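Examination of the molecular architecture
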Amino acid sequence: MLKFLGIIPARYASTRFPAKPLAMLGGKTVIQRVYEQVAGILDDAYVATDDERIEEAVKAFGGKVVMTSVNHKSGTDRCYEAYTKIGGDFDVVVNIQGDEPFIQPSQLETVKACFDDITTQIATLVKPFTPENGFEALENINSPKVVLNKNMNALYFSRSIIPYQRNAEKQDWLKNHTYYKHIGLYAYRAEVLKEITSLPQSSLELAESLEQLRWLENGYTIKAGITEVETIGIDTPQDLKKAEEFLKTC
């Protein structure tokens, strides 16, 4: 049986929403809600932060936390440092976004199941767009799209709509083809996580501002699990208000 370690990177500094992990959502901090969604589904879970205020908050609700460098450029880099500090014989490290308080156990189980295939190096989640989402949702550059091969491995991620339907009206695209939205949950075999954090930024990554393209460009495979669960990430104070309303319906 593989052992899974969950790591939740959480930074205090944020251009669009400073102190986001400590924002209150339904009487609990955002980071506490993320942690509680993860704890118990994986073999162990930690918050990885660079700020003592977040460290104190996690300890206050009884969570596990590890301090990491302030110099990391990505959550993946922070995950690797946290993994090396935590130690243990974990086979897979799961990187859970610290601003996804509604991440579901079923989504974590879907990502774990990707590693039933012994060739899986990295795993992530995708969600089908539906005609009800509308073409505007498909066009949203903040919602990366991904195309998959027959083995459910990612061929490419883009902020643009891929594939482009040359001979169809745009209002029919969602009816003609299943487009996949990328859900930013990653899991890496421990040895692969070590390798990818030493890679320099790639041209595709810089062009699209999508870290996962660095891994594809360097020959790593990314297995995708399909989820039908919609998630609500919190990037701005306005998103927090939407999350408050969503919480009332749960």
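Residues numbered from 1 in each chain as written. Predicted model: local features only at pLDDT ≥ 70, side-chain atom pairs only at ≥ 80, totals over all residues. Heavy atoms only, no water.

**Considering helix α2 (residues 52-60)**
- Listed as buried for α2 are Ile 54, Glu 55 and Val 58. Relative to the axis of α2, the buried residues are bounded by an arc of 105° and lie together on one face. The exposed residues of α2 that point more than 90 degrees off its buried face are Glu 52, Glu 56 and Ala 60.
- Contacts made by the buried residues of α2 are with β1 (4-10), α1 (30-38), β4 (44-49) and β5 (65-67).
- The distance from a side-chain oxygen at the start of α2 to the backbone nitrogen of Arg 53 is 2.8 Å, and the residue carrying that oxygen is Asp 51.
- Just downstream of α2, Gly 62 is the residue with a positive phi angle, here 90°. (Buried < 20%, exposed > 50% of the residue type's maximum accessible area, 1.4 Å probe, protein only. Helix = DSSP H or I, 4+ residues; strand = E, 2+ residues; numbered from the N terminus. Arc of directions from axis to C-beta. Contact = heavy atoms within 4.5 Å. Polar contact = N/O pair within 3.5 Å; in protein donor to acceptor, adjacent residues only side chain to side chain.)

**Digging into the packing of aromatic side chains**
- One pass over the structure, following the stated rule, counts nine aromatic pairs.
- Ring centres 4.8 Å apart and planes at 75° place the aromatic pair Phe 102 and Phe 246 in the edge-to-face group. With Phe 102 in the loop between β6 (92-95) and α4 (105-113) and Phe 246 in helix α10 (residues 237-249), the pair connects residues that are 144 residues apart, well separated along the chain.
- A residue is classified by how much of its surface remains accessible, and Phe 102, at 6% relative accessible area, is buried.
- Taking relative accessible area as the criterion, Phe 246 reaches 29% and is therefore assigned partly exposed.
- The interplanar angle of 80° and the centroid separation of 5.0 Å between the aromatic rings of Tyr 164 and Trp 173 together place this pair among those described as edge-to-face.
- Each member of the aromatic cluster is reached from another via a ring pair, and the members are Phe 135, Tyr 164 and Trp 173.
- Against the face of Phe 90 rests Lys 3, its NZ or CZ located 5.0 Å from the ring centre.
- A cation sits over an aromatic face here: Lys 112 above Phe 4, 5.4 Å from the ring centre. (Phe/Tyr/Trp six-rings, centres within 6.5 Å; stacked < 30°, edge-to-face > 60°. Lys NZ or Arg CZ within 6 Å of the ring centre and 35° of its normal.)

**As for unusual backbone geometry**
- Here the residue pair Ile 162 and Pro 163 is connected by a cis peptide bond, since its omega of -5° sits within 30 degrees of zero.
- Structurally, the position occupied by Pro 163 is in the loop between β9 (154-158) and α6 (173-176).
- Of note, Ala 19 is a non-glycine position whose phi angle comes to about 65°, a positive value.
- Tracing the backbone shows Ala 19 in the loop between β1 and β2 (24-25).
- Using a relative accessible area of 18% as the deciding quantity, one classes Ala 19 as buried.

**Quick look at the pattern of salt bridges**
- This structure, assessed with the given rule, holds 15 salt bridges.
- Salt-bridge contacts for Asp 44 lead to Lys 64; the nearest nitrogen and oxygen are separated by 3.0 Å. Here Asp 44 is found in strand β4, whereas its partner Lys 64 is found in the loop between α2 and β5, with 20 residues between them in sequence.
- Looking at Lys 64, the relative accessible area reads 37%, which means it is partly exposed.
- When the shortest N-O distance is used, the salt bridge between Lys 85 and Glu 81 registers 3.0 Å. With a gap of four residues between them, Lys 85 and Glu 81 both fall in helix α3 (residues 75-86), about one helical turn apart.
- Taking the relative accessible area as the measure of exposure, Glu 81 reaches 16% and is therefore buried.
- Several salt bridges share partner residues, and in doing so they unite Lys 20, Asp 99 and Asp 235 into one network. (Salt bridge = Lys/Arg side-chain N within 4 Å of Asp/Glu carboxyl O.)

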